[in-house]
Amino acid sequence: DDTSTLYHGPSWLQMDQIVNPSLITVAETESAICQRIVNPQQSYFAYFSEDVLAPDALILQEMDVIQVVILDTRQRIWVTTTSDAKLSTIPEAHRRWRPVSGQMTSQDHKQARSVFAVAQQLVHIAVGIPIPDNNDTPQPRTVDEYGLLDGSSTASQWTYLGRHRTMPDRGGAFVHSYLLKGVTGLPSDYTGTQQVEVLTRDETKQALLQGKFGDARSVATVSLALLS
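Residues numbered from 1 in each chain as written. Predicted model: local features only at pLDDT ≥ 70, side-chain atom pairs only at ≥ 80, totals over all residues. Heavy atoms only, no water.

S.K.: What is the right way to look at the overall build of the protein in this model?
M.R.: When its secondary structure is counted, the protein shows 5 helices and 11 strands. Here the analysis covers contacts within the protein between residues at least 6 apart in sequence; of these, 62% occur between residues at least 24 apart. Per element, the accessible surface of the protein, about 12500 Å² overall, is 51% carbon and sulfur. (Helix = DSSP H or I, 4+ residues; strand = E, 2+ residues; numbered from the N terminus. Contact = heavy atoms within 4.5 Å. Areas by Shrake-Rupley, 256 points an atom, 1.4 Å probe, with all protein chains shown as cover.)

The structure is reproduced here in C-alpha coordinates:
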(Lines give C-alpha, C1' and ligand atoms only; values in the text may rest on other atoms or scores of the structure.)
Protein backbone atom coordinates (compact mmCIF):
# COMPACT_ATOMS: atom_id res chain seq x y z
CA ASP A 1 0.00 0.00 0.00
CA ASP A 2 1.55 3.28 -1.13
CA THR A 3 0.01 5.25 1.75
CA SER A 4 1.71 3.10 4.41
CA THR A 5 5.11 4.05 5.79
CA LEU A 6 5.35 1.88 8.93
CA TYR A 7 3.13 -1.13 8.37
CA HIS A 8 4.49 -3.65 5.87
CA GLY A 9 2.54 -6.73 6.87
CA PRO A 10 0.05 -8.83 4.92
CA SER A 11 -2.99 -7.12 3.48
CA TRP A 12 -6.40 -8.65 2.83
CA LEU A 13 -7.67 -5.49 1.14
CA GLN A 14 -8.04 -6.08 -2.63
CA MET A 15 -7.98 -2.61 -4.13
CA ASP A 16 -8.58 -3.87 -7.66
CA GLN A 17 -12.13 -4.74 -6.59
CA ILE A 18 -13.01 -1.12 -5.85
CA VAL A 19 -13.57 1.46 -8.59
CA ASN A 20 -11.73 4.79 -8.15
CA PRO A 21 -10.92 4.29 -4.47
CA SER A 22 -9.66 7.04 -2.20
CA LEU A 23 -7.56 5.47 0.55
CA ILE A 24 -6.48 7.54 3.56
CA THR A 25 -4.26 6.27 6.36
CA VAL A 26 -5.80 7.28 9.69
CA ALA A 27 -3.17 5.76 11.98
CA GLU A 28 -0.51 3.07 11.79
CA THR A 29 2.25 1.26 13.64
CA GLU A 30 4.65 -1.47 12.56
CA SER A 31 2.05 -4.07 13.58
CA ALA A 32 -1.22 -2.49 12.41
CA ILE A 33 -2.76 0.11 10.10
CA CYS A 34 -6.18 1.75 10.14
CA GLN A 35 -7.34 3.17 6.81
CA ARG A 36 -10.39 4.99 5.51
CA ILE A 37 -11.88 4.10 2.14
CA VAL A 38 -13.90 7.00 0.79
CA ASN A 39 -16.72 6.54 -1.75
CA PRO A 40 -16.15 3.02 -3.06
CA GLN A 41 -18.26 2.57 -6.17
CA GLN A 42 -18.98 -1.13 -6.47
CA SER A 43 -19.84 -4.28 -4.55
CA TYR A 44 -17.19 -5.72 -2.32
CA PHE A 45 -16.57 -9.23 -1.07
CA ALA A 46 -18.51 -10.41 1.97
CA TYR A 47 -16.25 -9.56 4.90
CA PHE A 48 -19.16 -7.35 5.89
CA SER A 49 -22.78 -8.04 6.71
CA GLU A 50 -23.97 -6.13 3.64
CA ASP A 51 -23.18 -6.79 -0.03
CA VAL A 52 -21.51 -3.41 -0.45
CA LEU A 53 -19.07 -1.37 1.57
CA ALA A 54 -20.46 1.76 3.23
CA PRO A 55 -19.71 4.99 1.31
CA ASP A 56 -17.15 5.89 3.96
CA ALA A 57 -15.59 2.91 5.76
CA LEU A 58 -12.78 2.31 8.24
CA ILE A 59 -10.65 -0.79 7.60
CA LEU A 60 -8.17 -2.36 10.02
CA GLN A 61 -5.24 -4.51 8.93
CA GLU A 62 -2.73 -5.94 11.37
CA MET A 63 -0.27 -8.75 12.00
CA ASP A 64 -1.72 -12.07 13.10
CA VAL A 65 -1.71 -12.85 16.84
CA ILE A 66 -0.64 -16.18 18.37
CA GLN A 67 -1.89 -17.51 21.71
CA VAL A 68 -0.76 -20.72 23.42
CA VAL A 69 -2.46 -22.41 26.37
CA ILE A 70 0.08 -24.60 28.19
CA LEU A 71 -1.07 -27.75 30.00
CA ASP A 72 1.66 -29.36 32.11
CA THR A 73 2.06 -33.01 33.10
CA ARG A 74 0.17 -32.35 36.37
CA GLN A 75 -2.87 -31.17 34.35
CA ARG A 76 -2.35 -27.57 35.41
CA ILE A 77 -2.87 -24.67 33.04
CA TRP A 78 -0.29 -21.90 32.71
CA VAL A 79 -1.47 -18.34 32.27
CA THR A 80 0.47 -15.10 32.13
CA THR A 81 -0.12 -11.79 33.85
CA THR A 82 1.15 -8.23 33.71
CA SER A 83 4.94 -7.87 33.94
CA ASP A 84 6.61 -7.67 37.35
CA ALA A 85 7.27 -3.95 36.95
CA LYS A 86 3.54 -3.23 36.76
CA LEU A 87 2.18 -5.80 39.22
CA SER A 88 2.75 -3.58 42.26
CA THR A 89 0.56 -0.83 40.80
CA ILE A 90 -2.41 -3.08 39.89
CA PRO A 91 -4.72 -4.34 42.68
CA GLU A 92 -4.98 -8.12 42.84
CA ALA A 93 -8.72 -8.01 42.04
CA HIS A 94 -8.07 -6.07 38.83
CA ARG A 95 -5.29 -8.17 37.35
CA ARG A 96 -6.13 -9.98 34.13
CA TRP A 97 -4.75 -13.23 32.78
CA ARG A 98 -4.19 -14.44 29.26
CA PRO A 99 -2.51 -17.38 27.51
CA VAL A 100 1.08 -16.97 26.35
CA SER A 101 0.54 -14.35 23.67
CA GLY A 102 2.48 -12.59 20.94
CA GLN A 103 2.15 -11.04 17.52
CA MET A 104 3.80 -11.99 14.25
CA THR A 105 6.24 -9.38 12.98
CA SER A 106 7.17 -7.81 9.67
CA GLN A 107 10.32 -9.94 9.76
CA ASP A 108 8.24 -13.12 10.12
CA HIS A 109 6.20 -11.99 7.13
CA LYS A 110 9.25 -11.18 5.01
CA GLN A 111 10.91 -14.51 5.82
CA ALA A 112 7.66 -16.42 5.16
CA ARG A 113 7.94 -18.16 8.54
CA SER A 114 5.17 -20.58 9.40
CA VAL A 115 2.69 -19.72 12.14
CA PHE A 116 3.77 -22.81 14.07
CA ALA A 117 7.46 -21.86 13.95
CA VAL A 118 6.59 -18.44 15.35
CA ALA A 119 4.44 -20.10 18.06
CA GLN A 120 7.38 -22.28 19.14
CA GLN A 121 9.67 -19.28 19.31
CA LEU A 122 7.05 -17.31 21.25
CA VAL A 123 6.79 -19.99 23.95
CA HIS A 124 10.58 -20.25 24.12
CA ILE A 125 11.03 -16.51 24.63
CA ALA A 126 8.01 -16.01 26.89
CA VAL A 127 8.36 -18.89 29.35
CA GLY A 128 11.71 -20.50 28.52
CA ILE A 129 10.48 -23.78 27.03
CA PRO A 130 13.22 -24.92 24.62
CA ILE A 131 12.59 -25.38 20.94
CA PRO A 132 13.22 -29.05 19.98
CA ASP A 133 16.62 -29.83 18.45
CA ASN A 134 14.88 -31.33 15.42
CA ASN A 135 13.53 -27.89 14.58
CA ASP A 136 16.57 -27.12 12.39
CA THR A 137 14.34 -27.58 9.35
CA PRO A 138 11.28 -25.47 10.17
CA GLN A 139 7.87 -26.44 8.95
CA PRO A 140 7.23 -24.51 5.72
CA ARG A 141 4.58 -21.81 5.69
CA THR A 142 1.26 -23.09 4.42
CA VAL A 143 -1.96 -21.37 3.40
CA ASP A 144 -5.47 -22.70 3.00
CA GLU A 145 -7.77 -22.60 -0.02
CA TYR A 146 -8.53 -18.93 0.69
CA GLY A 147 -4.86 -17.93 0.83
CA LEU A 148 -4.96 -17.43 4.61
CA LEU A 149 -2.14 -18.57 6.91
CA ASP A 150 -2.63 -22.08 8.29
CA GLY A 151 -1.16 -22.82 11.72
CA SER A 152 -1.54 -26.61 11.66
CA SER A 153 1.28 -28.77 12.98
CA THR A 154 2.10 -32.47 13.14
CA ALA A 155 4.04 -32.09 16.42
CA SER A 156 2.55 -34.52 18.95
CA GLN A 157 2.46 -32.12 21.91
CA TRP A 158 0.86 -29.28 19.96
CA THR A 159 -2.82 -29.01 19.04
CA TYR A 160 -3.90 -26.29 16.65
CA LEU A 161 -7.25 -24.99 17.87
CA GLY A 162 -7.93 -22.92 14.78
CA ARG A 163 -8.09 -19.22 13.96
CA HIS A 164 -10.65 -16.45 14.09
CA ARG A 165 -10.71 -12.77 13.23
CA THR A 166 -10.35 -10.36 16.11
CA MET A 167 -12.52 -7.67 14.46
CA PRO A 168 -14.63 -9.40 11.79
CA ASP A 169 -16.65 -6.30 10.96
CA ARG A 170 -13.57 -4.19 10.17
CA GLY A 171 -10.97 -6.67 8.96
CA GLY A 172 -8.35 -6.96 11.63
CA ALA A 173 -5.98 -9.84 12.17
CA PHE A 174 -6.51 -13.50 12.89
CA VAL A 175 -5.65 -14.98 16.26
CA HIS A 176 -4.15 -18.47 15.97
CA SER A 177 -4.87 -20.58 19.06
CA TYR A 178 -2.80 -23.53 20.30
CA LEU A 179 -2.78 -26.02 23.15
CA LEU A 180 0.68 -27.25 24.21
CA LYS A 181 0.58 -30.37 26.39
CA GLY A 182 3.09 -32.42 28.34
CA VAL A 183 5.28 -29.60 29.68
CA THR A 184 7.05 -30.69 32.87
CA GLY A 185 7.63 -27.29 34.44
CA LEU A 186 9.46 -24.01 34.17
CA PRO A 187 13.19 -24.38 33.46
CA SER A 188 15.37 -23.94 36.55
CA ASP A 189 17.10 -21.01 34.86
CA TYR A 190 13.79 -19.43 33.78
CA THR A 191 14.29 -15.98 32.31
CA GLY A 192 11.10 -15.65 30.29
CA THR A 193 9.51 -12.35 29.37
CA GLN A 194 6.02 -13.14 30.71
CA GLN A 195 4.98 -13.66 34.33
CA VAL A 196 3.57 -17.18 34.76
CA GLU A 197 0.83 -18.34 37.12
CA VAL A 198 -0.44 -21.91 37.36
CA LEU A 199 -4.14 -22.82 37.64
CA THR A 200 -6.10 -26.03 37.94
CA ARG A 201 -8.79 -26.74 35.35
CA ASP A 202 -11.51 -25.77 37.86
CA GLU A 203 -9.70 -22.53 38.71
CA THR A 204 -9.40 -21.76 35.00
CA LYS A 205 -13.12 -22.33 34.41
CA GLN A 206 -13.95 -20.13 37.40
CA ALA A 207 -11.60 -17.42 36.13
CA LEU A 208 -13.42 -17.45 32.79
CA LEU A 209 -16.78 -17.03 34.52
CA GLN A 210 -15.43 -14.20 36.69
CA GLY A 211 -13.99 -12.27 33.74
CA LYS A 212 -10.38 -12.76 34.83
CA PHE A 213 -9.29 -13.13 31.21
CA GLY A 214 -9.33 -9.57 30.06
CA ASP A 215 -9.95 -9.75 26.30
CA ALA A 216 -12.17 -11.68 23.91
CA ARG A 217 -9.32 -13.45 22.11
CA SER A 218 -7.99 -14.88 25.40
CA VAL A 219 -11.46 -16.05 26.44
CA ALA A 220 -11.87 -17.79 23.08
CA THR A 221 -8.44 -19.47 23.17
CA VAL A 222 -8.77 -20.72 26.77
CA SER A 223 -12.33 -21.95 26.16
CA LEU A 224 -11.24 -23.89 23.06
CA ALA A 225 -8.36 -25.41 25.02
CA LEU A 226 -10.68 -26.57 27.81
CA LEU A 227 -13.05 -28.11 25.27
CA SER A 228 -10.37 -29.91 23.24
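S.K.: Mind showing me how you'd approach unusual backbone geometry here?
M.R.: For residues besides glycine, phi is generally negative; the peptide bonds are generally trans as well. Within the chain, Q75 stands out as a residue other than glycine whose phi angle is a positive 65°. Here Q75 is to be found in the loop between β4 (65-72) and β5 (77-81). By relative accessible area, Q75 is classed as partly exposed at 42%. In this structure, A112 is a non-glycine residue whose phi angle is positive, near 55°. (Buried < 20%, exposed > 50% of the residue type's maximum accessible area, 1.4 Å probe, protein only.)

S.K.: Would you take a moment to explain the pattern of salt bridges for this structure?
M.R.: Close approach of charged atoms allows side chains of opposite charge to pair. Taken as a whole and assessed by the stated rule, the structure comprises 3 salt bridges. One salt bridge in this structure joins D108 and R113, with 2.8 Å as the shortest N-O distance. The residue R163 makes a salt bridge to D144 at a minimum N-O spacing of 2.2 Å. Residue R163 is located in strand β9 (residues 158-167), and its partner D144 is located in the loop between β7 (142-143) and β8 (149-150); the two are separated by 19 residues in the primary sequence. A relative accessible area of 22% means that D144 is categorised as partly exposed. (Salt bridge = Lys/Arg side-chain N within 4 Å of Asp/Glu carboxyl O.)

S.K.: Sorry if this is basic, but what is going on with the pairing of strand β1 (residues 22-28) here?
M.R.: Successive residues of a regular strand alternate their side chains across the two faces of the sheet. Relative to strand β2 (residues 32-38), β1 runs antiparallel, the two being bridged by 6 bridges. Following the sheet pairing, T25 is matched in β2 by Q35. Hairpin connection of β1 to β2: 3 residues between the antiparallel strands. (Pairing = 2+ DSSP bridges.)

S.K.: Help me understand the side chain of S177 in this model?
M.R.: Structurally, S177 can be placed in strand β10 (residues 171-183). With near-sequence residues (within four places) excluded, S177 lies in contact with Q67, T159, Y160, L161, G162, H164 and T221.

S.K.: Would you explain the packing of aromatic side chains in this entry?
M.R.: Aromatic ring pairs: the centre-centre distance and the angle between the two ring planes describe each pair. Summed over all chains, the structure comprises 5 aromatic pairs. Measuring from ring centre to ring centre gives 6.2 Å for F116 and Y178, while their planes differ by 45°; the resulting arrangement is tilted. Residue F116 is located in helix α3 (residues 115-127), and its partner Y178 is located in strand β10; the two are separated by 62 residues in the primary sequence. Taking 5.5 Å as the distance between ring centres and 85° as the angle between the ring planes, the aromatic pair formed by W158 and Y178 counts as edge-to-face. Here W158 is found in strand β9, whereas its partner Y178 is found in strand β10, with 20 residues between them in sequence. In this pair, the class of W158 matches that of Y178, namely buried. Among the aromatic residues, those joined into a cluster by ring pairs are F116, W158, Y160 and Y178. (Phe/Tyr/Trp six-rings, centres within 6.5 Å; stacked < 30°, edge-to-face > 60°.)

S.K.: Is there a simple way to explain the nonpolar core in this structure?
M.R.: In a soluble, globular protein the nonpolar side chains are often hidden away together inside. The biggest cluster of nonpolar side chains holds 21 residues, and the ones touching the most others in it are I66, V68, I70, V123 and V127. Counting residues per element, the ones that place at least two in this core are β4, α3 and β10. Broken down by element, the residue count for this core peaks at 8 residues, all from α3. Dropping the residues within four chain positions of it, V127 is found in contact with I70, W78, V100, L186, P187, Y190, G192 and V196. (Core = buried A, V, L, I, M, F, W, Y, C linked by side-chain atoms within 4.5 Å.)

S.K.: Before we go on, may I ask you to explain the confidence of the model for the protein in this structure?
M.R.: Scored by pLDDT, the protein comes out at a mean of 78, with 75% of its residues at no less than 70. Highest mean pLDDT in the protein belongs to β4 (94); lowest belongs to helix α1 (residues 84-87) (47). Confidence drops under a pLDDT of 50 for residues 42-51, and excluding neighbours within four residues, the segment shows 24 contacts in the predicted structure. Contacts of residues 83-87 to residues separated by more than four positions or lying in other chains number 5 contacts, the stretch itself having pLDDT below 50. (pLDDT = per-residue confidence, 0-100.)

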